[in-house]
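Descriptive structure summary
For reference, the chains in residue letters:
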Amino acid sequence: MSADPSEPGVIRPGHVVLDQNGDVAQLHGIGILNWNGRFYAWGENKAAGSAFTGISCYSSGDLATWRYEGESLTRGEGELAPDRVVERPKVLHRAADGAFVMLLHIDSSDYADARLGVAIADTPVRPYRYLGSERPLGNLSRDIGVFVADDASGYLLSEDRDHGLQIYRLSDDYLSVESLVTSLLKPGATHGYESPTMVKHEGLYYLFGSDLTGWSLNDNVYATAPDLAGPWSPWRLLAPEGSHTFESQVSVVLPVETSHGRRFVYCGDRWQRDELFSSPAVWLPLRIGSGRARLEWVDEWTLADL
Ligand code: GAL
């Protein structure tokens, strides 16, 4: 995953992301991967607030300058009807046949359905064919994240209000959930964390998530483990206490290969509940190493600063 444009553009945390037309990029609840040396990102198109409008796709060489590529998923019938909730698109590239598999949080407008949706395409952009949804091993599944291991095995991170933050092994084709690896709880609670994302660095897994406060922001946390099954460390804050993770909710921690090694970018949402469409992005360098992850505020930065 390398991206090394010669003159990377400036990223301004706390501002909306604009595309080449000057429109607000609909990269809310972002999922992102590096493909053929370019970042492809998918986000919730919030034109209709929390009701489903579409999953928008953008690409960039430097995380600062974005090209709108089109809608990867659009309104339809049934689970993609306009009164539905479709959130947190996360795309995995299936090396075996080059397909792109998109996993999604699929829900009813009252968030009672709590299902995992799946769509597939043979290009990163479109069109994705919606294949349907499941409740992983019968469990509730709302906010999700994905992780692909070095051996290409895929994992789903999923918030299950009844059992905690679940780590599941996906089937080899990434289209369904195969088995449960482990469940993690918030200390003293019967639930876990949401909006999960995970990276591996220097032999340790780093799992990130936020507390369950809806569109309100909170102090996000992370835990580490040498093995996905654990033992997992205690949860720790990744930003100063009380900063509400610099007023954001983690969506993805993105590994980026630089000339001096692997670095990480935190991509979070600063939700504006009354105008979700214009919610700013809070993207910051995230320092990870020796079992710790630390987010510090900078007003501006570029990929060359990583
Ligand atoms: C949050 C979740 C968001 C959205 C929101 C709706 O907890 O992270 O993706 O579902 O709730 O209230």
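First things first, this report covers the structure right here in the doc. What you see is a predicted model; the values in this text were computed from it and never measured.

So, the sheet that holds strand 17 (residues 249-258)
Taken together, the 4 strands give an open sheet; going across it, the order is 17-18-19-20, and neighbouring strands pair in antiparallel fashion. The strands lining the two open edges of the sheet, one partner per strand, are strand 17 and strand 20 (292-295). Between one strand axis and the next, the sheet turns through 30° on average, direction left out of account. Note: strand 17 against strand 18 (residues 261-269), 9 bridges, orientation antiparallel. In the strand pairing of strand 18, Thr-258 is matched with Gly-261.

Focus on the environment of Ser-183
Residue position: Ser-183 is located in strand 12 (residues 177-184). Owing to a relative accessible area of 32%, Ser-183 belongs among the partly exposed residues under this scheme. Distance from Ser-183 to Gly-164, taken between C-alpha atoms, is 5.7 Å for residues 19 residues apart in sequence. Polar side-chain contacts of Ser-183 include one of 2.5 Å to the side chain of Gln-166.

Details of the site of the ligand
All residues adjacent to the ligand are Glu-87, Arg-88, Tyr-111, Asp-143, Glu-194, Gly-214, Trp-215 and Gln-249. Within the contact set of the ligand, an oxygen atom lies 2.4 Å away from a side-chain nitrogen or oxygen of Glu-194. Gln-249 has a polar side-chain atom sitting 3.0 Å from an oxygen atom of the ligand. Contact with the protein chains covers 87% of the free accessible surface of the ligand, which is 310 Å². If you map the ligand onto the pockets, it falls in the second largest pocket. Class assignment for the residues of the shell around the ligand results in 2 nonpolar, 2 polar and 4 charged.

Topic: empty space enclosed by the protein
Within this structure, the stated rule accounts for 2 cavities of 30 Å³ or more. Its volume calculated, the largest cavity comes out at about 70 Å³. If you go around the largest cavity, the residues you meet are Val-16, Val-17, Val-24, Ala-25, Leu-27, His-28, Asp-269, Ser-279, Pro-280, Ala-281 and Trp-283. A class-by-class count of the residues in the lining of the largest cavity yields 8 nonpolar, 2 polar and 1 charged.

Cut-offs and rules
- Residues numbered from 1 in each chain as written.
- Predicted model: local features only at pLDDT ≥ 70, side-chain atom pairs only at ≥ 80, totals over all residues.
- Heavy atoms only, no water.
- Pairing = 2+ DSSP bridges.
- Helix = DSSP H or I, 4+ residues; strand = E, 2+ residues; numbered from the N terminus.
- Axes fitted to C-alpha atoms, helices over the stretch in contact; angles between N-to-C directions.
- Buried < 20%, exposed > 50% of the residue type's maximum accessible area, 1.4 Å probe, protein only.
- Polar contact = N/O pair within 3.5 Å; in protein donor to acceptor, adjacent residues only side chain to side chain.
- Near = heavy atom within 4 Å.
- Areas by Shrake-Rupley, 256 points an atom, 1.4 Å probe, with all protein chains shown as cover.
- 1 Å grid on protein atoms, 1.4 Å probe; cavity = no way out; pocket = protein on both sides within 12 Å on 5 of 7 lines; lining within 4 Å.
- Sits in = over half its atoms within 2 Å of the grid points.
- Nonpolar A, V, L, I, M, F, W, Y, C, P; charged D, E, K, R; others polar.
- Points joined across faces, edges and corners; volume = space filled by probe spheres on them.

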